[in-house]
Amino acid sequence: MNDVARESPNFYRDRLGVAIQGVTLHSTRGGERTRGDPEAEFSAALDWLTRHSYQTAEGATYRNPSIHYIVGHDGRLARVVPERHGAWHAGTGADRRGANLNAIGVELVQPTADTPYPEALIARAVALVADICHRHGIPARRTHDDAAPGIHHHSDLTSRKSDPGALWPSEVFIARVAARLRALRGEAAPDDAGAAAALWAAVEGNARAVGELRSEVAALRGRLRSAGQALSG
Ligand SMILES: [Zn+2]
């Protein structure tokens, strides 16, 4: 599948002068309309995020949201709003502040909140976000709002949203982006070796903690036995 490009008419020109300092991760969740089919979900998201406006059943007209990128399950990328403009992805179109102006919005295709993210999508998102971080000097670290430079989730910005959700492998993603970013900066081999090492260290740390817990339990058992003997003796 090839990448696609389609423009949205909805954006803030040149971000109204605000500098880029972050990435907002979203997931699409249009599953009721697309019946959970990731290909239909990609197309539906692209249609929705490039439309000018929509009408409610009551006849009110609203401008549509927009986004910079959409990443599909097969790793396909859609480019919508150019990075230099502010897309309307976090808050309403009237929200002339925060992530709409200072962040780059990335939609991850996820038909429903309980649809897992496949490796092809994660790998493309790693490459995309690392490249964004490299070009804009954004640190590869998880933040929990749009005030600090880094990578945050839409759910960090408003209690009305829960995307990209619990199935998004947030820590592994950040570790992989950080490894890729080091490679782009020429600080490491161009692969995920750094991320693998960080994960392995975490696993070894857990194993050590389990080992320490085991010896504590054994010591406790010993003390209980002695106490029992003292009582019965
Ligand atoms: Zn979102």
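Remember, it's a predicted structure, so these values are computed and weren't measured experimentally.

J.: Explanation requested: the coordination of the zinc ion in the structure shown.
T.: By definition of the ideal shapes, a tetrahedral metal site with four donors has angles of 109.5 degrees and an octahedral site with six donors has angles of 90 or 180 degrees. Note on the zinc ion: its protein donors are His 26 (ND1), His 154 (ND1) and Asp 163 (OD). The metal-donor distances range over 2.0 to 2.1 Å. Spacing between the donor residues of the zinc ion along their common chain follows H-x127-H-x8-D. Within this pair, whereas His 26 is found in strand 3 (residues 22-27), its partner His 154 is found in helix 5 (residues 154-157), the two being separated by 128 residues in sequence. An identical accessibility class is assigned to His 26 and His 154; each is buried.

J.: Would you take a moment to explain unusual backbone geometry for this structure?
T.: Most of the time, phi is negative for any residue but glycine, and the peptide bond is trans. Between Asp 163 and Pro 164 the backbone carries a cis peptide bond, its omega angle lying at 5°. Turning to its location among the elements, Pro 164 is positioned in the loop between helix 5 and helix 6 (170-184). Located in the positive-phi region is Asp 14, a residue other than glycine, with phi close to 50°. For Asp 14, a relative accessible area of 43% puts it in the partly exposed group. Residues other than glycine seldom take positive phi values, yet Leu 16 does so here, at roughly 55°.

So, how was this worked out
- Per chain, residues are indexed from 1 in the order of the written sequence.
- In keeping with the predicted nature of the model, local features appear solely for residues at pLDDT of at least 70, side-chain atom pairs appear and are counted solely at 80 or more, and the whole-chain, interface and lining totals rest on all residues.
- No hydrogens and no water enter the side-chain calculation; it runs on all heavy atoms of the structure.
- In this description, a donor is an N, O or S atom within 2.8 Å of the metal centre, a cutoff extended to 3.2 Å for sodium, potassium and calcium. Water is not part of the atom list, which can make sites seem incomplete.
- Put simply, DSSP H or I for four residues or longer makes a helix, DSSP E for two residues or longer makes a strand, and each gets a number counted from the N terminus.
- Classification of residues uses two cut-offs on accessible area relative to the type maximum, computed with a 1.4 Å probe and protein chains only: under 20% is buried, over 50% is exposed, and between them is partly exposed.

Read these as layout, nothing more, since geometry by itself doesn't imply function.
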